[in-house]
Amino acid sequence: MFQLYPSSSIVWYKAIDECWHSPITSSRKAKWWHSAFHNVTAMVGAGVLSLPHAMANLGWGPGVVVLVLSWVITLYTLWQMVEMHEMVPGKRFDRYHELGQHAFGEKLGLYIVVPQQLIVEVSVCIVYMITGGESLQRFHHLVCDCKDINFHLVCKHCKDISLTFFIMIFASAHFVLSHLPNFESITGISMTAAIMSLCYSTIVWSVHEGVQPDAQYGYKAKTTAGTIFNSFTALGDVAFAYAGHNVILEIQATMPSTPEKPSKGPMWKGVVVSYIVVALCYFPVAIIGYRTYGNSVNENILITLEGPTWLIAMVNIFVVIHVIGGYQMYAMPVFDMIENFLVKKLNFKPTRSRRFFVRNIYVALTMFISITLPFFSGLLGFFGGFVFAPTSYFLPCVIWLVMYKPRKFSLSWWTNWICIVLGILLTVIAPLGGLRQIILQAKNYKFYSSEPIL
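Residues numbered from 1 in each chain as written. Predicted model: local features only at pLDDT ≥ 70, side-chain atom pairs only at ≥ 80, totals over all residues. Heavy atoms only, no water.

Undergrad: Describe the overall build of the chain, with residues and values.
TA: Within the chain, the regular secondary structure consists of 15 helices and 4 strands. Burial analysis of the chain (454 residues in total) assigns 57% to the buried set. (Helix = DSSP H or I, 4+ residues; strand = E, 2+ residues; numbered from the N terminus. Buried < 20%, exposed > 50% of the residue type's maximum accessible area, 1.4 Å probe, protein only.)

Set out below in structure tokens:
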């Protein structure tokens, strides 16, 4: 991917501009602030909307501990990935699987990383489809003055429309935007999405009028088993909220780098800024949202949120704009993988028609799955534990131990092993709660039903 160009005894990195323009490495002009809003767009999304519900399932003490510990651990593992991007002189690991291949071997690294990363990126796109559809549906209900009367939705000014059609409306934007060629081309979308995330997160925790009179803080489940499995789901929800690791190397790949000024400097600056924004979004929404509504808070706080109708409607539109950008952030690495495979392995010609069909098929596939399984909380909990925990919480630590081999029982050794143990526990237990939640939600769900889902 790279050649070394000597000049005055200085060696610097220069990307080869491949004829078919890889979506990840075709441009290396990004600045540190690009890293900041790309990371905010990648991180803050559907996950933040579920955090009050996660707090309700965990309780005050465990909930706050899990939130803070997750923030610290994932910031640490992000730092590791930024450092490892250029750990080999003259080479850059522009993709997660390239770093895995360097650590575990060409084949084993590919088998370990690629399935997990693909599942993460595809699952985020699916959940963002559901989130975008739900927010559009909620906007419609508010504008049309819809009310649930005896479990039947009645709207004064508009016809009832099911979630299926709103997901299709949301997907229509991506049938257009997905044809933007690379990360640089979605910079404006990402910046707008990052601003929207900060706006709606701030409104969510500031719009209420104090603690609700009927707010209760005991566990919602009536049985011990239900409480335990709900807490497992909540852990997965929190893990889902910290998903930026899966595109961090791809973001860093868009930045220029020389031996004198490696990309890790501005990249880390952008990561720190983005994590400050993440803290400003996550902690107030989770803590104040739970304090306001107690255990009656919905799995998506926008459904529970009370306030002026115009303001709540605007918040839902902000969410739609943000998840449009978030979808593109996670879809671009998938496009890169597919196009690399088709061009380099299967010898397809790098034509526009090939890109047109591949990307449209991907958008259509994620739309179809979203319409078929629109289970917001269950999917967050399941995917959050199943693949987000490995790629965000402990896989960077494993690679770090393999590559740097810190002295046994040193601070680095202990830190990485603690993260690995906690991450493995999260990977084991969180999917159990998410899967149970999906099963419970699916009991009364009719596939492709015309009834709207609230």
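Still to come is the rest of the account.
Undergrad: Describe the pattern of salt bridges, and please don't skip the residues or the numbers.
TA: Pairs can form between side chains of opposite charge once their charged atoms are near each other. Applying the stated criterion across every chain, the model contains 7 salt bridges. One salt bridge in this structure joins Arg92 and Glu86, with 3.6 Å as the shortest N-O distance. In this structure, the salt-bridge partner of Arg95 is Glu98, at a minimum N-O distance of 2.9 Å. Each member of the pair, Arg95 together with Glu98, is buried. Bridged by salt links that share partners, the residues Arg95, Glu98 and Asp336 form one connected network. (Salt bridge = Lys/Arg side-chain N within 4 Å of Asp/Glu carboxyl O.)

Undergrad: Can you break down the UniProt feature "transmembrane region" (unreviewed entry) in the chain residue by residue, with the values?
TA: Here, UniProt's "transmembrane region" (unreviewed entry) annotation points to residues 60-79, 161-180, 186-207, 271-290, 310-335, 356-376, 382-402 and 414-435. Taken end to end, residues 271-290 comprises 100% helix and 0% strand; its first and last C-alpha atoms sit 28 Å apart. The span residues 414-435 is 100% helical and 0% strand by assignment, and the distance between its end C-alpha atoms comes to 32 Å. (UniProt positions renumbered as here; feature names shortened; annotations may be inferred.)

Undergrad: Account for the environment of Pro23, with residues named and values stated.
TA: By the element assignment, Pro23 lies in the loop between strand 2 (10-15) and helix 1 (32-43). Excluding anything up to four places from it in sequence, Pro23 contacts Pro181, Asn182, Phe183, Met332, Phe335, Asp336, Glu339 and Arg359. (Contact = heavy atoms within 4.5 Å.)

Undergrad: Account for the packing of helix 12 (residues 309-345) against helix 13 (residues 352-372), with residues named and values stated.
TA: It is at 11 Å that the axes of helix 12 and helix 13 come closest, and there the two elements cross at 130°. The orientation of helix 12 with respect to helix 13, classified from their angle, is oblique. As for the relative orientation of helix 12 and helix 13, their crossing is right-handed in sense. Across from Tyr327, Ala331, Met332, Val334, Phe335, Ile338, Glu339, Leu342 and Val343 in helix 12, the residues of helix 13 making contact are Arg354, Arg355, Val358, Arg359, Tyr362, Val363 and Thr366. In the contact of helix 12 with helix 13, the residues fall into 11 nonpolar, 1 polar and 4 charged. (Axes fitted to C-alpha atoms, helices over the stretch in contact; angles between N-to-C directions. Parallel < 35°, antiparallel > 145°, perpendicular 65-115°, else oblique. Left-handed = near helix turned anticlockwise from the far one by under 90°. Nonpolar A, V, L, I, M, F, W, Y, C, P; charged D, E, K, R; others polar.)

Undergrad: Now, about the side chain of Asn246: what can you tell me, with residues and values included?
TA: Among the structural elements, Asn246 can be located in helix 9 (residues 245-252). Judged by relative accessible area, which is 0%, Asn246 ranks as buried. Within the local environment of Asn246, its side chain forms a polar contact with the side chain of Thr391, the two groups lying 3.1 Å apart. Those residues in contact with Asn246, other than ones at most four positions away along the chain, are Tyr96, Gln117, Val120, Glu121, Thr391 and Ser392. (Polar contact = N/O pair within 3.5 Å; in protein donor to acceptor, adjacent residues only side chain to side chain.)

Undergrad: Before we move on, can you summarise a nonpolar patch on the surface with the specific residues and values?
TA: Judged by side-chain polarity, Val65, Leu69, Phe409, Trp414, Trp417, Ile418, Val421, Leu422 and Leu425 come together as a nonpolar surface patch covering roughly 870 Å² of accessible area. Going through the elements one at a time, helix 3 (60-84) and helix 15 (411-442) are the ones with two or more residues in the nonpolar patch. Within the fold, Leu422 resides in helix 15. On the accessibility criterion, Leu422 (35% relative accessible area) is partly exposed. (Patch = residues over 30% accessible without salt bridge, like charges linked within 9 Å, V, L, I, M, F, W, Y side chains within 5 Å. Areas by Shrake-Rupley, 256 points an atom, 1.4 Å probe, with all protein chains shown as cover.)

Undergrad: Mind laying out the confidence of the model for the chain, listing which residues take part and the relevant values?
TA: Residue-level pLDDT values for the chain average 84, and 87% of them are 70 or greater. Here strand 2 is the element of the chain with the lowest mean pLDDT, 35, and helix 3 is the one with the highest, 94. For the stretch residues 1-19, pLDDT sits under 50, and the model shows 40 contacts to residues farther than four places along the chain or on other chains. Segment residues 450-454: pLDDT under 50, and 16 contacts once partners within four positions in sequence are set aside and those in other chains are kept. (pLDDT = per-residue confidence, 0-100.)

Undergrad: Give a description of the environment of Phe383 that names residues and reports values.
TA: Positionally, Phe383 belongs in helix 14 (residues 376-404). Relative accessible area serves as the criterion here: at 15%, Phe383 is assigned to the buried category. For the pair Phe383 and Pro431, spaced 48 residues apart in sequence, the C-alpha separation works out to 6.8 Å. Filtering out sequence-adjacent residues up to four positions away, Phe383 remains in contact with Ile119, Ser123, Phe240 and Phe388.

Undergrad: Lay out helix 10 (residues 264-293) with the relevant residues and their values.
TA: Counted at 1.5 Å a residue, the expected span for helix 10 with its 30 residues is 44 Å, and the 42 Å between its end C-alpha atoms agrees. With its phi angle positive at about 65°, Gly294 sits one or two positions after the end of helix 10. (Expected span 1.5 Å × (residues − 1).)

Undergrad: An account of the packing of aromatic side chains is needed here, citing residue identities and associated values.
TA: Taken as a whole, this structure holds 19 aromatic pairs when the rule is applied. Plain terms: the ring middles of Trp60 and Tyr290 are 4.7 Å apart, the flat faces sit at 50° to each other, and that makes the pair tilted. Pair noted here: Trp60 is in helix 3 and Tyr290 is in helix 10, with a separation of 230 residues, a long-range link. Measuring from centroid to centroid gives 6.5 Å for Tyr242 and Tyr275, while their planes differ by 35°, and the two rings are tilted. Here Tyr275 lies in helix 10 and Tyr242 lies in the loop between helix 8 (224-241) and helix 9, a separation of 33 residues in the sequence. On the basis of relative accessibility, which here comes to 0%, the residue Tyr242 falls in the buried class. By way of ring pairs, the aromatic residues Trp71, Tyr242, Tyr275 and Tyr282 are connected into one cluster. Sitting over the face of the ring of Trp32, Lys269 holds its NZ or CZ atom 4.5 Å from the ring centroid. (Phe/Tyr/Trp six-rings, centres within 6.5 Å; stacked < 30°, edge-to-face > 60°. Lys NZ or Arg CZ within 6 Å of the ring centre and 35° of its normal.)

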